[in-house]
Amino acid sequence: MSTDRMRTRVTRLDTLTGLRFPAAFVVFLYHAALLGFLGVPWLSSSSAVTTYYDAVAHAGALGVTFFFVLSGFVLTWSARDTDTAPRFWRRRFLKIVPNYVVVWALAMLVFAAPITDMTIGVLNLFMVQVWYPDFAINFGVNPAGWSLGVEAVFYLLFPVLLHWIKKIPARRLNLWVVGVVAGIIATPLLSTLLVPAGAMMPTEPDTSINQYFFSYILPLPRVLDFALGILVARSVMAGRWRNIGMVWSGVLLAAAFALGYFVPPIYATRAVCVVPAALLIAAGAIADDEGRFTLFRNRAMVWLGDISFAFYLVHYTVMVAVWKLLGSHSYANPAAVGLMALALGVAILASWALYTLVERPITRRWSNPKKKLVAAALPAAEPRPLAGRGAGERVGSSPTA
């Protein structure tokens, strides 16, 4: 195991919490574009449907990639030296599953039940929809829910990944970062070379459904994004990270997003934004650790970040519900913008309610075992820590843990 000393650090990363809402918001923009392809004709002009979709075609992928890398980073930053795998899994289960099930039920009630096969509904309820190369299964019920099926795999693997990554000497962490980034970039290439093409995507006629599934949706290749977050966190904690700051990281992220319009969609969604996303996450954490000002650490952005998980889950259902409540009409462009602005406001309110009434009470009440159960544990059966912490590290709490 590495003997490199890990420096002490702040316990809450408010900048990263604040960044969560913009990431969720770009997913909102993308799913609004998908509505017209999923039986919700909210735009009256077919040209407006295609123009809008082309404008945000890989915005959703940017948000998802950011969340996958952020998850590995924050969980590593906040890992507890006395934690165990069962306790970690308990906290993740209570954080994710109640919100997920509530929104699954809402989606079924609002629009999905009449058009969803029972098998697809059950697969989505149990978060295993990501193991089938079929978009009807992957995006059934709640189209935003598939990424939680991927995250569930991350959480199952996290104790093992953290254990092994902690064995990497600090001086070699950045080499591993480069290797994982190379693996991420190679994923769409390998998928196009090795996976039979089959049918093409309805929204991207030149992109194979099978190849897109392998590159973008299947959990095992996406573990690389999660591992990247773990490695970057370890590098920052060890003082080995080359920080370029939030401004330049943001500029690179914008440039990478623009580059996505000029490369095949399978690369735009999987590879082009992952490095700038990692740079921005690291820069935000370092800014918080050094007590420097950022635009994302104010009270409003942190509040939006706190409810962002609920927002991510519920926004698509809210968009459909608002459209239905207003009469299921198609709108010209100005009115359509107003419709989505209304849906955004309602989604934020619904997210606040979900966070206040479900997510926060459950995680506060049930995330940690009762003290009497800990006291009753046999001394000889002391659980093994989740992963050893480097000397000098402090126990912290995560804005997402």
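Here, the structure is the one placed above.
Right, let's walk through the structure included here. Quick caveat: nothing in here was measured; it's all calculated off a predicted structure.

### Description of the packing of helix H4 (residues 85-112) against helix H5 (residues 118-125)
For step 1, the next point in the chain: Look at H4 against H5: their axes get within 10 Å of each other, and the N-to-C directions meet at 155°. Here H4 is positioned roughly antiparallel relative to H5, judged by the angle of their axes. Taken as a pair, H4 and H5 cross one another with a handedness that is right-handed. Contact residues: H4 offers Tyr100, Val101 and Trp104, while H5 offers Gly121, Asn124 and Leu125.
For step 2, the next point in the chain: For the contact of H4 with H5, the residue count by class is four nonpolar, two polar and no charged.

### Here we look at the environment of phenylalanine 257
For step 1, the next point in the chain: Relative to the helices and strands, phenylalanine 257 is located in helix H11 (residues 245-259).
For step 2, the next point in the chain: For the pair phenylalanine 257 and proline 276, spaced 19 residues apart in sequence, the C-alpha to C-alpha distance is 9.5 Å.
For step 3, the next point in the chain: Not counting the four nearest positions on each side in its chain, phenylalanine 257 is found in contact with His58, Ala59, Leu62 and Cys273.

### Observations regarding the nonpolar core
For step 1, the next point in the chain: Within the largest apolar cluster, 124 residues are counted, with the highest numbers of intra-cluster contacts made by Leu16, Trp42, Phe73, Leu228 and Val232.
For step 2, the next point in the chain: Broken down by element, the residue count for this core peaks at 13 residues, all from helix H3 (residues 59-77).

### A look at a nonpolar patch on the surface
For step 1, the next point in the chain: The grouping of Met118, Val122, Phe126, Val128, Trp131, Tyr132 and Leu220 at the surface amounts to a nonpolar patch, some 730 Å² of accessible area in total.
For step 2, the next point in the chain: On the secondary structure map, valine 122 appears in helix H5.
For step 3, the next point in the chain: Since its relative accessible area comes to 40%, valine 122 is described here as partly exposed.

Here is what the cut-offs are and how they apply
Each chain has its residues counted from 1, following the order in which its sequence is written. The predicted nature of this model means local features are confined to residues of pLDDT at least 70 and side-chain atom pairs, given and counted, to a pLDDT of 80 or more, with totals for whole chains, interfaces and linings taken over all residues. As a convention, hydrogens and water are excluded, and side-chain values are obtained from all of the structure's heavy atoms. Fitting a line to C-alpha atoms yields each axis, with helices limited to the stretch in contact; the angle taken between N-to-C directions then spans 0 to 180 degrees. Counting from the N terminus, the helices are DSSP H or I runs at least four residues long and the strands are E runs at least two residues long. Oblique is the label for any angle not under 35 degrees, not over 145, and not in the 65 to 115 range, which are roughly parallel, roughly antiparallel and roughly perpendicular in turn. Left-handed is the label given to a crossing in which the near helix is rotated counterclockwise from the far helix by less than a right angle, and right-handed is the label when the rotation is clockwise. We call two residues in contact when some of their heavy atoms are within 4.5 Å. All residues other than Ala, Val, Leu, Ile, Met, Phe, Trp, Tyr, Cys, Pro, Asp, Glu, Lys and Arg, Gly among them, are scored as polar; the first ten of these are nonpolar and the last four charged. By convention a nonpolar core is built from buried Ala, Val, Leu, Ile, Met, Phe, Trp, Tyr and Cys residues, the set being connected through side-chain atoms within 4.5 Å. Relative accessibility under 20% of the residue-type maximum defines a buried residue, over 50% an exposed one, and the middle range a partly exposed one, all with a 1.4 Å probe and only protein chains included. Only residues whose relative accessible area exceeds 30% and that take part in no salt bridge are eligible for patches, with like-charged residues grouped when within 9 Å of each other and nonpolar side chains (Val, Leu, Ile, Met, Phe, Trp, Tyr) grouped when within 5 Å. Each accessible area is a Shrake-Rupley result for a 1.4 Å probe, and residues are judged covered by the shown protein chains and nothing else. Basic side-chain nitrogens of Lys or Arg form a salt bridge, by our definition, when they fall within 4 Å of a carboxyl oxygen of Asp or Glu.

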